[in-house]
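Chains, contacts and geometry: an overview
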Amino acid sequence: MADYDVIVIGGGPGGYVCAIRCAQLGLKTACVEGRETLGGTCLNVGCIPSKALLHASHSLHEAEHNFAKMGLKGKSPSVDWKEMLAYKDDVIGQNTKGIEFLFKKNKVDWLKGWGSIPAAGQVKVGDEVHTAKNIVIASGSEPSSLPGVEVDEKVVVTSTGALELPKIPKKMVVIGAGVIGLEMGSVYARLGTEVTVVEFLNEITPGMDKDIQKTFQRTLKKQGLTFVMGAAVQNVEAKKTKATVNYKRLKDDSEHAIEADVVLVATGRRPFVDGLGLEAVGVKMTERGQIATDHWKTSVPGIWAIGDVTEGPMLAHKAEDEGMAAAESIAGQAGHVNYDVIPGVIYTSPEVASVGKTEQELKEAGVDYKVGKFSFMGNGRAKAVFMGDGFVKILADKATDRVLGVHIMGPAAGELIHEACVLMEYGGSAEDLARTCHAHPTFSEAVREAALACGDGPIHA
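Quick look at the structure, then. (Residues numbered from 1 in each chain as written. Predicted model: local features only at pLDDT ≥ 70, side-chain atom pairs only at ≥ 80, totals over all residues. Heavy atoms only, no water.)

Concerning the packing of helix α3 (residues 47-65) against helix α6 (residues 179-190)
At a minimum axis distance of 9 Å, the contact between α3 and α6 shows a crossing angle of 35 degrees. For the crossing formed where α3 meets α6, the hand is left-handed. Across the interface between the two elements, S50, K51, L53, L54, S57, H58, L60, H61 and E64 from α3 touch E183, M184, S186, V187 and R190 from α6. (Axes fitted to C-alpha atoms, helices over the stretch in contact; angles between N-to-C directions. Helix = DSSP H or I, 4+ residues; strand = E, 2+ residues; numbered from the N terminus. Left-handed = near helix turned anticlockwise from the far one by under 90°. Contact = heavy atoms within 4.5 Å.)

Some points on the sheet that holds strand β19 (residues 351-356)
Sheet architecture is open: 5 strands sit in the order β18-β19-β22-β21-β20, paired in antiparallel fashion. Looking at which strands have only one partner, the edges of the open sheet turn out to be β18 (344-346) and β20 (369-375). Strand after strand, the sheet turns through a mean of 10 degrees between neighbouring axes, direction not considered. Where β18 and β19 come together, 3 bridges link them in antiparallel fashion. (Pairing = 2+ DSSP bridges.)

Topic: the sheet that holds strand β12 (residues 231-238)
Within the open sheet, the 3 strands sit side by side as β12-β13-β14. Their pairing is antiparallel. Two strands in the sheet have a free side with no partner beyond their single neighbour: β12 and β14 (255-260). Averaged over all pairs of adjacent strands, the angle between their axes in this sheet comes to 25 degrees, without regard to strand direction. Bridge analysis of strand β13 (residues 243-249) against β14 gives 6 bridges, and the strand direction is antiparallel. Bridge assignment links V245 to a residue of β14, and that residue is I258.

What about the side chain of D401?
Residue placement: D401 occurs in the loop between β21 (391-397) and β22 (403-410). Among the polar contacts listed, one links the side chain of D401 to the backbone nitrogen of E431, at a separation of 2.9 Å. (Polar contact = N/O pair within 3.5 Å; in protein donor to acceptor, adjacent residues only side chain to side chain.)

Remarks on the pattern of salt bridges
For the structure on display, the rule yields 13 salt bridges. Where R21 meets E328, a salt bridge forms, and the shortest distance between an N and an O atom there is 3.4 Å. Here E328 lies in helix α9 (residues 316-330) and R21 lies in helix α1 (residues 13-24), a separation of 307 residues in the sequence. (Salt bridge = Lys/Arg side-chain N within 4 Å of Asp/Glu carboxyl O.)

Digging into the environment of L250
With respect to the helices and strands, L250 occurs in the loop between β13 and β14. The spatial distance from the C-alpha of L250 to the C-alpha of Y347 is 30 Å, given a sequence separation of 97 residues.

Looking at the packing of aromatic side chains
Following the criterion strictly, the structure yields 1 aromatic pair and no others. Plain terms: the ring middles of W81 and Y188 are 5.8 Å apart, the flat faces sit at 55 degrees to each other, and that makes the pair tilted. In this pair, W81 sits in helix α4 (residues 81-105) while Y188 sits in helix α6, placing the two residues 107 residues apart along the sequence. Both residues of the pair, W81 and Y188, belong to the buried class. Cation over ring: K69 sits above F386, and NZ or CZ is 5.2 Å from the ring centre. Sitting over the face of the ring of W110, K112 holds its NZ or CZ atom 4.3 Å from the ring centroid. (Phe/Tyr/Trp six-rings, centres within 6.5 Å; stacked < 30°, edge-to-face > 60°. Buried < 20%, exposed > 50% of the residue type's maximum accessible area, 1.4 Å probe, protein only. Lys NZ or Arg CZ within 6 Å of the ring centre and 35° of its normal.)

Quick look at α3
Taking 1.5 Å of rise per residue, the 19 residues of α3 would be expected to cover 27 Å, and the 26 Å separating its terminal C-alpha atoms lies within 8% of that figure. Along α3, the positions that sit buried rather than exposed are P49, S50, A52, L53, L54, A56, S57, L60, E62 and A63. On its buried side, α3 packs onto α2 (40-45), α4 and α6. (Expected span 1.5 Å × (residues − 1).)

As for the state of the cysteines
Scanning the model with the defined rule gives 0 disulfides in all. We note that C31 lacks a disulfide partner, and the nearest cysteine sulfur, in C18, lies 8.6 Å from it. (Disulfide = S-S within 2.5 Å.)

Describing α9
Two residues of an α-helix separated by three or four positions point the same way, owing to the 3.6 residues in each turn. For α9, with 15 residues, the first-to-last C-alpha span of 21 Å sits near the 21 Å given by 1.5 Å per residue. Those residues of α9 lying buried are K318, A319, E322, G323, A325, A326, A327, E328 and I330. Buried-residue contacts for α9 involve β1 (4-9), α1, β6 (128-137) and β17 (303-305). Where α9 ends, the next residue or the one after it, G332, has phi of about 85 degrees, a positive value.

Keep in mind these values describe shape, not function.
Spelled out as structure tokens, the structure:
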């Protein structure tokens, strides 16, 4: 008899969700995690702590810029950085302890330590070997750097180091204009840091809708971020308290340098599979170093893989969905993930959110589409709270009116996008959305107005 029906390697969003779902489906389950706390990168050094700092710094911005406009007079608050970090750590603690509680409630065993797979059906943790009918690899990802850039997590940092700097830097260079770089860059810009973003491409947030890219970059510039686009970083020279970023402009090969107190390397992430022993056990990999899967099954029977170690967007909620689908498949059910309806969110202020196809993708695919747009300047609630920047953009099939993609930049975009997700999950049309009554005054009305713009036109524009 095997010790377990399922052993999940990794206690991040994909792993812990998979373990809990397996237990709920009656499978004897264990989860291997080597950190002191559960939750993986997301809860410990990623999504959750960064949202805490984004909230704190946005509150400061409101106090400095908008309180007086509303008749709230008084001195602007000063920043106690140690206290702010303590608040962030408290948020992490509450969330990680919550998962520990859920493991106990669902009778999931936490095998503390780093796991490896000596053979199919076996997981080694420390000196102990546990047997399992099924093994799910959910070991996540780690930050990837660039050649000539050595991370010390003090002066040259990844997002991990950026979340626990000993003091607020005067100058910061962010290498990479993706989600992580822009979120952390905007936190420090609001706290008074001079932030310069250096990006290899000519647009920020690669892969996003071009309308969003342009408007979003313009808004971040207004907030004080400086952008150096089309720049290839050659190396970073780090000293004890300073660093120099050397880069070349792609358009003319000219060489430039920027000095900063801290350099944040935000050039993406790569699958973390070190020490698992995948090659020896025969698990096939893709050319990009991801685990090759077919419906979450690897090339070795009884070994599954989900989340950042597999192909697709490196998003916590994609990993969670795959965790549930893999668990259901192991239990003999029909696990399902709709990869066409996975939203992406950037938690700056304003927020940016999208789901489905971009206009560029529809053009390249030769799809005949129509566009409905509505600015938040026409939304009463948004204007009342100084958040009129941004818009909602809906892309619908010209013949059938079926919604193919939605892109939002504005207040609570990360929440509003799910109205589009549910609609698209059911194959809904722009007219379905336009004919649904929305409460007034809400930010959501902007989504309805964009849907109306796909038809006879919006009311408030």
